[in-house]
Every structure is written in C-alpha cells, then in structure tokens.
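# Summary of structural features
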Amino acid sequence: MCRLVFILGLVLHISSTLAFLQGCNRGKSQRVVISQQATTLNNDSSKASHNKLELQRYNHKSFNLTYLYKEAAPGREKDRPIILIHPVGVGLSSWFWKRLMDSYEDNPPIYAPDLIGCGIDHGADAWDPDTIGLFFPLSWVEGVETLINEIAIPKWRESQTLQFPSMFGVNRQGKDALGCLVIVQGGLAPVGIMLVKRNPLTISNLMLTSPPTYTDVTTAVPTAELQRNYEFLRSPILGSIAFNLLESRALIKFFSNRFLFQEECDDDWLDETDKESVVAARTPVQAFNAGLLQHRSFEEDLKESPQPKLIVSGEGDKRAVDRQPYEEQLDTCSLTTIPGLNVLPWESPKEVVDLIKELGY
C-alpha cells in the first residue's frame, strides 16, 4: 500500500507541473458503437485491398469482442496465421499492433484481438467485475482461444481446401507447418505462455517482445499484496484520482518517453491512447496493474510446452540481461535484441517483421 501511495504522490507532483498541457474537454463519456459489419481502418484507397486493416467482431461466452484483421497477401492465403496479443495499460488495445501490421506487406493472415474488457473505442463490450467475474490470465486466454479455434484456424483450413484439392500440398511455410505464431507484448507474457501450453496442435511458435524477466514470470506475487493493490486501484476516491491523472495526454507522454520509448513517442501513439482512455476501459487495467497475472508461477507451463520460443529485447532495455535465464532454463528458447526500448512492435515494426519471417511466417 505504501508503494501505491508513493506512486500516487509522484503522479500528483508531476501532474501539477504538466497540467497546462492537458486538453480542456476530452469527452470521455462519449462512445460511438461501430456497425456489425467489418470496418476498414485504412482510408487510403490507393492501397491494395490486402493491405487494409479491418475491424471485425466475434462472440465469446457473454462478451461481444473485436479484433483487427489483415487478410493474407496474394499467394499467402494458405499460410499459417499470426495472432498478436496487445499489452494492457492506460489507453491500450489492439491498435498497438497497427504499425506492425501495416509494415508486413507480403503477409500471411494476421489477427490482433482485443482482450476482454479492452477495445472499448472499437465497440467491444466493457467488463464489469461486479457483474461477471474473470480469472487471470485464464479468461483472456480463453477469449483468444475462441478466436483461434472458431475463426483463424477454420478460415486457414478453408483457404487450403479452396486453393488446393489435397491437404498435403506444400505451402510456403513448409509441409510440416501446422500451427500459428503467437506474439505477445510486455507483461501479457503469461497469456502467451498459457496459450502455447494449452494448444500444442494449433500454436507452433511463441514470440515474447519485452517480456518480464524470467524471475518475475516464475515467481508468484503474494495474494495479500494482490488484494491490496486491486482494492486501491478500484477505490472510488484514490483509484479514481490516480486514473484521472494517468489518463491525461501529458502524463501518458511523460511516462511513455520515460519508460517505453528509446526516442520520444509520436503523436499517433498519443492519439490512439487518448481514444481508449475512457472510464469503461479501466477495469482490465486495474486487474493487470494490480498484478493479478502474477498470482502464480508459470515456470511449469514454460518448461512443459514444446513449441520454440523467441525472447526479444530492445537495445535500450536494461532488463535484457535478466532475461538470459529463459534461454538457460528452456530447451527450445532463444534470445535476440533489436533497436528500441520497451514497445518494439511500435518502435521497430520492420525489425519485428524480419524476425517473424525468420520463424517461417
């Protein structure tokens, strides 16, 4: 609790010096619900249709969820899909992957789901913890599994059948290519780790960009600490004050420049976070920031899943050395470094695309 109060005090101090940068009225209570049809996010009509990102939706249990989709480039329709798991934080959702998706031109099918409670600006359902309880990270894992098992994999198999009479035809990724690639950003690593453990037949590779250290992923946070954190963040007074400050464009810019970007963050980043920084989107951030994804160790999941794993760190990330145990402790794991700090798919999308291609996707 002392740590959280200290953080709140720091936020208040910084906010007092940057308040003049805040907008007058951001209209957070205004929501525009997208239509039930797929929405094209790329307005450049000169681009080929396969380069456009579409906003689509699907149902998982009682939730209406959304995802960004980029169809395969011509000739790559039968290749294995890529699933992108966005980070959770103030203003974040699947938009985080737009820059990478745009950068991959000769791409296989790509899906970027909004996790339960995220993507409010996309028209996804908000999550009310007082109405529906969730388990972390399991509930987010299950939401992604629905997308993989009911949309991504069936569509991939249908494309193979339509193009090639025989399911034994050799595609660009090789005759033994059977599963998709899952890429997970940052602290959502437990979601990816659980996904590969639970789905060995449909997921072939896991890439973790800027994940927590091996020690953090394999060390459980005490339940009492998690409870204190969560109660503070959900507090109608202190928690609400903290979020009101943290959702300001000025503080998002400050923290992004201080902790996320090797260079300064750009206006596109700030514009996207601004759209998703709404009261209805706070509940998943509260759960994540409280540490609920770290309620147990994921060492067993890591060691028992046979799929190859790639750990990607930024050149400016001092935690890179503490990720060395991933390679030391796991049989099928490798490490690499690319330019950037902590949001590599946004900072260095072309370099991440190159890593994806090296994995055969």
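Being a predicted model, the structure only gives us computed values, none of them experimental.

Reading guide: rules and limits
- Residues numbered from 1 in each chain as written.
- Predicted model: local features only at pLDDT ≥ 70, side-chain atom pairs only at ≥ 80, totals over all residues.
- Heavy atoms only, no water.
- pLDDT = per-residue confidence, 0-100.
- Contact = heavy atoms within 4.5 Å.
- Helix = DSSP H or I, 4+ residues; strand = E, 2+ residues; numbered from the N terminus.
- Polar contact = N/O pair within 3.5 Å; in protein donor to acceptor, adjacent residues only side chain to side chain.
- Core = buried A, V, L, I, M, F, W, Y, C linked by side-chain atoms within 4.5 Å.
- Buried < 20%, exposed > 50% of the residue type's maximum accessible area, 1.4 Å probe, protein only.
- Phe/Tyr/Trp six-rings, centres within 6.5 Å; stacked < 30°, edge-to-face > 60°.
- Pairing = 2+ DSSP bridges.
- Right-handed = clockwise from strand over helix to strand, strands pointing away.
- Patch = residues over 30% accessible without salt bridge, like charges linked within 9 Å, V, L, I, M, F, W, Y side chains within 5 Å.
- Areas by Shrake-Rupley, 256 points an atom, 1.4 Å probe, with all protein chains shown as cover.
- Salt bridge = Lys/Arg side-chain N within 4 Å of Asp/Glu carboxyl O.
- Axes fitted to C-alpha atoms, helices over the stretch in contact; angles between N-to-C directions.
- Parallel < 35°, antiparallel > 145°, perpendicular 65-115°, else oblique.
- Left-handed = near helix turned anticlockwise from the far one by under 90°.
- Nonpolar A, V, L, I, M, F, W, Y, C, P; charged D, E, K, R; others polar.

Turning our attention to the confidence of the model for the chain. Per-residue pLDDT for the chain averages 87, and the proportion of residues at 70 or more is 82%. Contacts for the low-pLDDT stretch residues 43-47, under 50 throughout, to residues beyond four places or in other chains number three contacts.

Mapped onto the elements, Lys309 comes out in strand β8 (residues 309-314). Along the sequence, Lys309 and Glu327 sit 18 residues apart, while their C-alpha atoms lie 9.1 Å from each other. The contact partners of Lys309, leaving out residues within four places of it in the chain, are Leu206, Leu302, Leu330, Thr332, Cys333 and Ser334. At a separation of 2.8 Å, a polar atom in the side chain of Lys309 contacts the main-chain carbonyl oxygen of Gln307.

Attention shifts here to the nonpolar core. Grouped together as the largest cluster of nonpolar side chains are 56 residues, with contacts concentrated most on Ile83, Ile85, Trp140 and Leu188. When neighbours within four sequence positions are excluded, Ile85 is seen to be in contact with Trp97, Pro113, Leu115, Val144, Val182, Ile183, Val184, Gln185, Leu188, Val191 and Leu195. Judged by nonpolar contacts, the second largest core, of 33 residues, contains Ile82, Phe96, Met207 and Leu270.

Throughout the structure, instances matching the rule amount to 14 aromatic pairs. Seen in terms of ring centroids, Trp95 and Trp269 are 5.2 Å apart; in terms of plane orientation they differ by 75°. Their pairing is edge-to-face. In this pair, Trp95 is assigned in the loop between β4 (82-85) and α2 (98-103) and Trp269 in helix α9 (residues 267-276), connecting sequence segments 174 residues apart. For Trp95, a relative accessible area of 1% gives the class buried.

Here the focus is the pairing of β8. A large share of β8 lies buried, amounting to six of its six residues. As judged from the six bridges shared by β8 and strand β9 (residues 333-338), these two strands associate in the parallel manner. Within β9, the residue paired with Gly314 across the bridge is Ile338. With helix α12 (residues 324-329) bridging β8 and its parallel neighbour β9, the resulting β-α-β unit is right-handed.

All right, on to unusual backbone geometry then. Here the bond from Phe136 into Pro137 is cis, since omega is 0°, no more than 30 degrees from zero. For Pro137, the position within the fold is in the loop between β5 (110-113) and α3 (138-163). Look at Lys61: it is not a glycine, yet its phi comes out positive at around 55°. Relative to the helices and strands, Lys61 resides in the loop between β2 (54-60) and β3 (63-70). Here Ser210, not a glycine, exhibits a phi torsion of approximately 50°, which is positive.

Attention now moves to helix α10 (residues 282-289). Extensive coverage of α10 is indicated by the burial of six of its eight residues. Among all positions in α10, only Arg282, Thr283, Pro284, Val285, Gln286 and Ala287 are buried. Phi turns positive, to about 95°, at Gly291, one or two residues after α10.

Together, Ile237, Leu238 and Ile241 make up a nonpolar patch on the protein surface, roughly 260 Å² of accessible area in all. Locating Ile241 in the fold gives a position in helix α7 (residues 238-246).

Looking now at the packing of helix α8 (residues 249-260) against α9. Close contact between α8 and α9 brings their axes to 10 Å; oriented N to C, the two are set at 125°. In terms of orientation, α8 and α9 fall into the oblique class. The element α8 and its partner α9 pack so that their crossing is right-handed. Across the interface between the two elements, Arg249, Ile252, Lys253, Ser256 and Leu260 from α8 touch Asp267, Trp269, Leu270, Asp271, Thr273 and Asp274 from α9. Along the lines of polarity and charge, the residues of the contact of α8 with α9 split into four nonpolar, two polar and five charged.

Secondary-structure assignment places Ser277 in the loop between α9 and α10. In this structure the side chain of Ser277 is engaged in a polar contact, spanning 2.6 Å, whose partner is the backbone oxygen of Thr273.

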